[in-house]
Amino acid sequence: MTEQPASLKGLDLLAEIDRLKRERNAVILAHYYQKPEIQDLADFVGDSLDLSRKAAATDAEVIAFCGVRFMAETAKILSPDKTVILPDMDAGCSLEDSCPPDQFAAFRAAHPDHIALTYINCSAAVKALSDVIVTSSSAEQILSQIPAEQKIIFGPDRHLGGYLARKTGREMLLWPGICIVHQAFSETELLKLKAEYPDAPVAAHPECPPHIVDHADLVGSTRAILDFALASPAETTLVATEPHIIHQMEKAAPHKRFIGVPGGDGNCNCNMCPYMALNTLEKLYVALRDLEPRIELDPETMAAARVPLERMLDMAGGTVGQGDVGRPKLAGD
Ligand code: 13P
Ligand code: SF4
């Protein structure tokens, strides 16, 4: 944990966060890539789809979103009357950065016979220019509901789009964005691990490039990876996504071994998301205390972005986020 700023010295942060949460009638939502101490105090931990559903269904007045900005913006778009706070407003995403709204609008205009199926990892302005939003856990199901003759632009993640195209045989025009974290996984390091643990299955996120995904026994969202690792009879699982998710695996199955695939040459921290890492307990405390930084979006953009997001929730079906269902707190909570 980082050292506490002088002004917060002596505070029992966990107790203070709990007190403020009750005072503010707040719910704390966290993504699986958050630091363990944040995952452990959250009311709900999930993948992007689960978190969107939860944000749309909560009764709380304040949503404290421990994730990245596009996730908190999604919560605001789906619950516009609620106050949505993000501990660090600089928690962005390389996929969002790769897709500036003006360039995306020009790309759409150049292909007027295509609809835009857009990954949720993008700005509210890009969502507003899209027809249907997808997450990694809902993309295939949604794609299967779009008539075969309909031409599709898929952005901003070219690896997720390419994976879907290969798996379904559906041709799509791909926006050339990437996730800097999943792009960095090393095939060499993965092959070394596979040689060392020949019985270990590999679970990979579809944001990984083909040279990683092609070695995977399961390709899926963070929640799908977690479910797979817990259900697998194997003693060891190799995990090709941001390694903070391993915290949930170790809590639920302490007798098993989960190994994060390294990035780069195996000696860097480049398999960790630098944006997710910006959120800390201290910043969460301050955000709950001050109700800042908070997500503010212009009403027109919000209204336009809500349409493709609601289409996603309709087309993805399911019940997560309604009431208290969804991925529950795991063993040891
Ligand atoms: P999930 O929807 O799988 O949680 O993905 C979120 C994300 O940002 C992965 O990099
Ligand atoms: Fe964006 Fe990649 Fe971080 Fe996910 S892991 S938030 S896609 S930069």
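Residues numbered from 1 in each chain as written. Chains lettered and ligands numbered in written order. Predicted model: local features only at pLDDT ≥ 70, side-chain atom pairs only at ≥ 80, totals over all residues. Heavy atoms only, no water.

Caption draft 1: Up close: the pattern of salt bridges. For the structure on display, the rule yields 16 salt bridges. A salt bridge links Asp18 to Arg22; its shortest N-O distance comes to 3.1 Å. Of this pair, Asp18 and Arg22 both sit in helix α1 (residues 13-24), four residues apart, which is roughly one turn of the helix. Salt-bridge contacts for Asp40 lead to Lys251; the nearest nitrogen and oxygen are separated by 2.8 Å. Of this pair, Asp40 sits in helix α2 (residues 36-41) while Lys251 sits in helix α14 (residues 246-252), placing them 211 residues apart in sequence. (Salt bridge = Lys/Arg side-chain N within 4 Å of Asp/Glu carboxyl O. Helix = DSSP H or I, 4+ residues; strand = E, 2+ residues; numbered from the N terminus.)

Caption draft 2: Quick peek at the packing of helix α4 (residues 69-78) against helix α16 (residues 299-316). Running from amino to carboxyl end, α4 crosses α16 at an angle of 95°, the nearest separation of the two axes being 9 Å. Classified by the angle their axes make, α4 and α16 are roughly perpendicular. For the pair formed by α4 and α16, the contact residues are Thr74, Lys76, Ile77 and Leu78 on the first element and Met302, Ala305, Arg306, Leu309, Glu310 and Leu313 on the second. For the contact of α4 with α16, the residue count by class is six nonpolar, one polar and three charged. (Axes fitted to C-alpha atoms, helices over the stretch in contact; angles between N-to-C directions. Parallel < 35°, antiparallel > 145°, perpendicular 65-115°, else oblique. Contact = heavy atoms within 4.5 Å. Nonpolar A, V, L, I, M, F, W, Y, C, P; charged D, E, K, R; others polar.)

Caption draft 3: Representation of the packing of aromatic side chains within the structure. Tallied over the full model, the rule gives two aromatic pairs. Chaining the aromatic ring pairs together yields one cluster made of Phe104, Phe107 and Trp175. (Phe/Tyr/Trp six-rings, centres within 6.5 Å; stacked < 30°, edge-to-face > 60°.)

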